[in-house]
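Given next are the chains, with one letter for each unit.
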Amino acid sequence: MTQKTKILIVEDEMIIAANISLQLTTLGYEVTGIIPRGEEALVHIEQQQPDILLLDINLKGKIDGIETAQIMQKTYNIPIIYLTANADEAHFNRAKSTNPYAFISKPFKKLDLERAIEITINRVKSEKEQATPSTEKIDPFILSDSIFVRHFEKMVRVDIKDILYIEAERNYCRIYSKLKEYLLVMTLKDLDEKLPQKHFIRVHRSFIVNLSQIDEVATSHIVIAKKAIPVSKSLKEELLNRLQTI
């Protein structure tokens, strides 16, 4: 049985949100929630991790839809479809920086919604298929100062000092270095066991970082190359201890 695509609706006009929910359910999708505020949506995303985010740009509250997307993207890679009644240039340019998969202008028809979601699902599927041929199941070969990883059709050497951080993407790991990104068919747990502990530490269920690349340490996150990376409470003490000894 095919698992239903899970969609979160973040919309502060509840009549519109209820109508969208009804349409999505009719189309065979699972609605994980209807939420009117960006702050509440971030909590819901952490708990439910939907497949697609239907997000109104002009949310009421402390943060609007675009700010909600920016905060969410620091931790999760969830496709965004924006809903908007205000398609002016300023809003469009701000929203564009979050790389949305689609825009739907209000008022919209059921067909507009249906097509936007289908396009998003097909694009996500295509991106995964494009990544698969170049990421065969070959474990990285790890030396004291570098690792060899599969990149397209060859093994390439990546200096440990150039690795910034590593992010989990379901059963994959994406290595972010100063120059390139590398996608590995390997869980973050398996990679964590292979990496030299002298240089790397796991700070979150989705992130391993290079200790020498940390620029800032805040209450709930660290910063590496202007990227905010969340730090789990249970792992923060070990991180601070390690930083004091290097």
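Higher on the page you've got the structure.
Being a predicted model, the structure only gives us computed values, none of them experimental.

Parameters at a glance
What you see as residue numbers is a count from 1 along each chain, following the sequence as written. Reporting in this predicted model follows two pLDDT cut-offs: at least 70 for local features of residues, and 80 or more for side-chain atom pairs to be given and counted; totals over whole chains, interfaces and linings ignore these cut-offs and use all residues. Only hydrogens and water are set aside when side-chain values are computed; all heavy atoms of the structure are taken into account. Whether two strands pair comes down to DSSP finding at least two bridges between them. Segments assigned H or I by DSSP are reported as helices when at least four residues long, segments assigned E as strands when at least two residues long, and all are numbered from the N terminus. To get an axis, fit a line to the C-alpha atoms, keeping to the stretch in contact for a helix; angles then go from 0 to 180 degrees between the N-to-C directions. Stacked, tilted and edge-to-face are the three classes assigned to paired rings of Phe, Tyr and Trp, where Trp is represented by its six-membered ring and a pair needs centres within 6.5 Å; plane angles under 30 degrees give stacked, over 60 edge-to-face, the rest tilted. Ring-over charges, as used throughout, are those where CZ of Arg or NZ of Lys falls within 6 Å of the ring centre and within 35 degrees of the ring normal. Given a helix with a known number of residues, its expected span is that number minus one, times 1.5 Å. Burial status follows relative accessibility: with a 1.4 Å probe on protein chains alone, a residue under 20% of its type maximum counts as buried, one over 50% as exposed, and anything between as partly exposed. This arc corresponds to the set of directions leading from the helix axis out to the C-beta atoms. The salt bridge definition used is simple: a Lys or Arg side-chain nitrogen within 4 Å of an Asp or Glu carboxyl oxygen. By definition, residues are in contact when any of their heavy atoms lie within 4.5 Å.

S.K.: Explain the sheet that holds strand β2 (residues 30–35) residue by residue, including any values.
M.R.: Hydrogen bonds between backbone groups are what pair the strands of a sheet, and the pairing can be parallel or antiparallel. A sheet is described by the order of its strands in space; here five strands give the open sequence β2-β1-β3-β4-β5, paired in parallel fashion. One side of each edge strand has no neighbouring strand; the edge strands of this open sheet are β2 and β5 (102–105). With direction set aside, neighbouring strand axes in the sheet form an average angle of 20 degrees. Bridge count for strand β4 (residues 80–84) against β5 is four bridges, and the pairing is parallel.

S.K.: Lay out the sheet that holds strand β11 (residues 181–184) with the relevant residues and their values.
M.R.: The strand order across the open sheet formed by five strands is β11-β10-β9-β13-β12, and the pairing between neighbours is antiparallel. Looking at which strands have only one partner, the edges of the open sheet turn out to be β11 and β12 (200–204). Adjacent strand axes in the sheet meet at a mean angle of 20 degrees when their direction is disregarded. Where strand β9 (residues 163–169) meets strand β13 (residues 207–210), three bridges bridge the pair, whose relative direction is antiparallel. Paired with Glu-167 across the strands is Phe-207, a residue of β13.

S.K.: Tell me about the environment of Asn-19, and please be specific about residues and values.
M.R.: Its place among the elements puts Asn-19 in helix α1 (residues 14–26). A sequence separation of 91 residues divides Asn-19 from Lys-110, and the C-alpha atoms of the two residues are 9.6 Å apart.

S.K.: Give a description of the packing of aromatic side chains that names residues and reports values.
M.R.: Across all of its chains, the model carries four aromatic pairs by this definition. Feature note: the residues Tyr-82, Phe-92 and Phe-103 constitute an aromatic cluster, connected by ring pairs. Lying across the ring of Tyr-101, Arg-123 places its NZ or CZ 3.8 Å from the centre.

S.K.: Got a sec to walk through α1? Specific residues and values, please.
M.R.: For α1, built from 13 residues, the straight-helix expectation of 18 Å at 1.5 Å per residue is met to within 8% by its first-to-last C-alpha distance of 18 Å. Every buried residue belonging to α1 is among Ala-17, Ile-20, Ser-21, Gln-23 and Leu-24, and all of these are buried. The arc that holds every buried residue of α1, seen down its axis, measures 165 degrees, which confines them to one face. Away from its buried face by more than 90 degrees, α1 exposes Ile-15, Leu-22 and Thr-26. Directly beyond the C-terminal end of α1, a positive phi value near 95 degrees is found at Gly-28.

S.K.: Kindly report on unusual backbone geometry, identifying the contributing residues and their values.
M.R.: In the segment running from Lys-106 into Pro-107, the intervening peptide bond is cis, with an omega of -10 degrees. By the secondary structure assignment, Pro-107 is in the loop between β5 and α5 (110–131). Residues other than glycine seldom take positive phi values, yet Gln-49 does so here, at roughly 45 degrees. You can see Gln-49 is positioned in the loop between α2 (38–48) and β3 (52–56). The exposure class assigned to Gln-49 is partly exposed, which follows from its relative accessible area of 35%. Despite not being glycine, Asn-99 shows a phi value in the positive range, around 55 degrees. Within the secondary structure, Asn-99 is located in the loop between α4 (89–96) and β5.

S.K.: Tell me about the pattern of salt bridges, and please be specific about residues and values.
M.R.: Note that side chains of opposite charge can pair when their charged atoms are close. The final tally for this structure, using the stated rule, is eleven salt bridges. For Arg-94, the salt bridge goes to Asp-64, with nearest N and O atoms at 3.0 Å. One end of the pair, Arg-94, is in helix α4; the other, Asp-64, is in the loop between β3 and α3 (65–72), and 30 residues separate them in sequence. Taking relative accessible area as the criterion, Arg-94 reaches 34% and is therefore assigned partly exposed. For Asp-64, a relative accessible area of 15% corresponds to the buried category. Residues Lys-161 and Asp-162 are paired through a salt bridge, measuring 3.6 Å at the closest nitrogen-oxygen approach. Through salt bridges that share partners, Asp-145, Arg-157, Asp-159, Lys-161 and Asp-162 make up one connected network.

S.K.: I'd like a description of α2, backed by residues and values.
M.R.: Inspection of α2 places Gly-38, Ala-41, His-44 and Ile-45 among the buried residues, and these make up the whole buried set. Each buried residue of α2 sits inside an arc of 110 degrees when the element is viewed along its axis, so together they form one side. Looking at the buried positions of α2, the neighbouring elements they touch are β1 (6–10), β2, β3 and α3. Positioned one or two residues after α2, Gln-49 has a phi angle of 45 degrees, which is positive.

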